[in-house]
Amino acid sequence: MATVIKHGLVFQNGRLLHTDVLIADKQIQTLGNNLTAEHIIDASNLLVSPGLVDLHVHYRDPGQTYKEDVITGSLAAARGGFTTVGAMPNVLPVPDTPALMSKMVQNNQTNGRVHILQYGPITKNEDTDELPDYAALKQAGAFALSNDGKGVQNAQTMYSAMQQARENQLLVAVHAQDDSLFNHGVVNEGPAAEKLALRPISELAETTQIARDLLLAQKTGVHYHVCHVSTKTSVCLIRMAKKQGINVTCEVAPHHLLLTEDDLVSDDAYYKMNPPLRTKNDQAALIAGLLDGTIDMIATDHAPHALQEKTGGIAKAAFGITGSETAFSELYTKFVKPGIFTLTELLNWLTIKPAQVFGLKNAGMLEPGMPADLAIFDLAHVKRIKEQDYCSKAINSPFTGDEVYGQTVLTMVAGKIVYQKEQA
Ligand SMILES: [Zn+2]
């Protein structure tokens, strides 16, 4: 059955235009005016976007499905308007063999409500200096490599990993963290750590490893992608490296754009993430980095945890917050409404850019012939973010209670509605 989405403001190929969208056979067929079909979706006063792309999520499946699983994680993505996600491999067991990788890819395909791309690990079990067989992992379905959650401590290990990733044409997405400088910290080194008497994390834990990796990336020519950059110095290093022609890209997480260590006013673990919330100066550099193209894209680092893992104070709590269901509305409300970003810029960083950086040909664009993966957002009405509305199993978000614009009305994957807001 053909469907036409009528009268929406459509984000297509980097611009916004009023047009109808005709969908049939799971694909976008045509964009134009006065299109008709048996099934009509009225998008008057609504934004129609290509499905958002979030290449940094944690689904805890297999191994810790009490936190999240592929079904609830991908439902949370759909509710946030995301239709393609990249799942990190820090699960139990780590998919470091082709058999484990195939099993995960199968589960992602069977149970995912959106497209789930699977990262393979950079090192075996993510905590050794042994490299998995990248060719075999790629063959089994890995789309890129990452040890996210952990830094690769040994430089020779990272050097070999980059050489082999390059040979196998795999992107290496890195959680930059030198453990000796990280020193079991829990919040950014600064006034908040002092006031709350919490163990500090030096920004050097992130920046020194990025500096090392950029030199290794230059030597190997690998596509080196830095996950969740959080400091001004990281942005400066990547800006310099890009000028030198090093094959580097990077992402920023919504919470590092939206919050700083100044928001850490009490011992509340919903503000504990890794990298930690940094200074206002860092936040300004991240915003500037996006605007000048140093930072390529936004990715949520959706990190669900069970209630008991996020209560009882920052010192003992797990790192990470959920992000899928709040990213678009928070960023739209706090950055587009006040005129810091244009809507086009924000959508670019959530659609076209991540697809380009990771070489995804079937994501991020609303074009005839592309899969009918899209999201419809209501930019006009304000809504409070409520815990009981989350599709994720987890509720560990500092954004609960915020009043935001940009609620998702409907999300479609391959022409099928995978999320629809309940009628008010
Ligand atoms: Zn990470």
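Residues numbered from 1 in each chain as written. Predicted model: local features only at pLDDT ≥ 70, side-chain atom pairs only at ≥ 80, totals over all residues. Heavy atoms only, no water.

(A) View of the coordination of the zinc ion. Distances from the zinc ion to its protein donors, Asp148 (OD), His175 (ND1) and His228 (NE2), fall at 2.0 to 2.3 Å. Each donor residue of the zinc ion belongs to the same chain, with the gaps between them written as D-x26-H-x52-H. You can see histidine 175 sitting in the loop between β10 (172-174) and α5 (179-182) and its partner histidine 228 sitting in the loop between β13 (224-226) and α8 (232-243), a full 53 residues away along the chain. (Donors = N, O, S within 2.8 Å, 3.2 Å for Na, K, Ca; no water. Helix = DSSP H or I, 4+ residues; strand = E, 2+ residues; numbered from the N terminus.)

(B) Structural view of the sheet that holds strand β9 (residues 142-146). Across the sheet, which stays open at both edges, the eight strands sit in the order β6-β7-β8-β9-β10-β13-β14-β15 with parallel pairing between neighbours. With partners counted over all chains shown, the strands left at the sheet margins are β6 (52-57) and β15 (297-298), one partner each. Pairing of strand β7 (residues 82-87) with strand β8 (residues 115-120) involves four bridges; the strand directions are parallel. Looking across to β8, one finds that alanine 87 is bridged to glutamine 118. (Pairing = 2+ DSSP bridges.)

(C) Focus on the packing of helix α4 (residues 155-167) against helix α7 (residues 204-220). Axis separation between α4 and α7 bottoms out at 10 Å; the angle between their running directions is 40°. The two elements α4 and α7 cross, and the hand of that crossing is right-handed. Every residue of α7 that contacts α4 at Ala155, Met158, Tyr159, Met162, Gln163 and Arg166 is listed here: Arg212, Asp213, Leu216, Ala217, Lys219 and Thr220. The class makeup of the residues in the contact of α4 with α7 is six nonpolar, two polar and four charged. (Axes fitted to C-alpha atoms, helices over the stretch in contact; angles between N-to-C directions. Left-handed = near helix turned anticlockwise from the far one by under 90°. Contact = heavy atoms within 4.5 Å. Nonpolar A, V, L, I, M, F, W, Y, C, P; charged D, E, K, R; others polar.)

(D) Summary view of the pairing of strand β3 (residues 27-32). Summarising the sheet, strand β2 (residues 15-24) and β3 pair through five bridges and their orientation is antiparallel. If you follow alanine 24 over to β3, its bridge partner there is glutamine 27. Counting the residues in the hairpin turn of β2 and β3 gives two residues, including aspartate 25, whose phi is positive at 50°.

(E) Structural context of helix α12 (residues 343-350). Counted residue by residue, α12 has six buried out of eight residues, so it is predominantly covered. Restricting attention to buried positions, one finds in α12 the residues Leu343, Leu346, Leu347, Asn348, Trp349 and Leu350. (Buried < 20%, exposed > 50% of the residue type's maximum accessible area, 1.4 Å probe, protein only.)

(F) Representation of the domain arrangement of the protein chain within the structure. The assigned domain composition of the protein chain is domain 1 (3-47 + 371-420) and domain 2 (51-357). Centre-to-centre separation of domain 1 and domain 2, based on C-alpha positions: 26 Å. In this assembly, 33 residues from domain 1 lie in contact with 48 residues from domain 2. Taking both sides of the interface into account, the surface hidden between domain 1 and domain 2 amounts to around 3,300 Å²; carbon and sulfur atoms contribute 65%. When the buried surface of domain 1 facing domain 2 is broken down by residue, Lys393, Asn396 and Phe399 rank first, second and third, together holding 21% of it. (Domains from an automatic or database assignment. Buried area = accessible area lost by both parts, 1.4 Å probe.)

(G) Summary view of helix α11 (residues 327-336). Most of α11 is tucked away, with nine of its 10 residues classed as buried. Among the residues of α11, those classed as buried are Ala327, Phe328, Ser329, Glu330, Leu331, Tyr332, Thr333, Phe335 and Val336.

(H) Focus on the packing of aromatic side chains. One pass over the full model with this rule turns up eight aromatic pairs. Through a chain of ring-to-ring contacts, three or more aromatic side chains come together here, namely Tyr119, Phe143 and Phe358. Above the face of the phenylalanine 319 ring, lysine 272 is positioned so that its terminal group lies 4.5 Å from the ring centre. (Phe/Tyr/Trp six-rings, centres within 6.5 Å; stacked < 30°, edge-to-face > 60°. Lys NZ or Arg CZ within 6 Å of the ring centre and 35° of its normal.)

(I) Fine view of the environment of leucine 31. Its location among the elements puts leucine 31 in strand β3. When the C-alpha positions of leucine 31 and histidine 18 are compared, they lie 9.7 Å apart, and in sequence the two are 13 residues distant. Those residues within four positions of leucine 31 in sequence are excluded, and the remaining contacts are Val10, Gln12, Thr19, Asp20, Val21, Leu366 and Pro368.

(J) Just the side chain of glutamine 177, in detail. With respect to the secondary-structure elements, glutamine 177 resides in the loop between β10 and α5. Take glutamine 177: its relative accessible area is 6%, and that puts it in the buried class. Among the polar contacts listed, one links the side chain of glutamine 177 to the side chain of histidine 175, at a separation of 2.9 Å. Residue contacts for glutamine 177: discarding those within four places in its chain leaves Gly151, Gln153, Phe182, Ala205, Gln209 and Asn274. (Polar contact = N/O pair within 3.5 Å; in protein donor to acceptor, adjacent residues only side chain to side chain.)

(K) Broad picture of the environment of glycine 112. With respect to the secondary-structure elements, glycine 112 resides in the loop between α2 (98-111) and β8. Along the primary structure glycine 112 and threonine 72 are separated by 40 residues, whereas in three dimensions their C-alpha atoms are 8.6 Å apart.

(L) Structural detail: the pairing of β7. Burial runs high along β7: six of the six residues are buried. Direction of pairing for β6 relative to β7: parallel, over a ladder of four bridges. Paired with valine 53 across the bridge in β7 is threonine 84. Viewed along the sheet, the connection from β6 through helix α1 (residues 70-79) into β7 turns out right-handed. (Right-handed = clockwise from strand over helix to strand, strands pointing away.)

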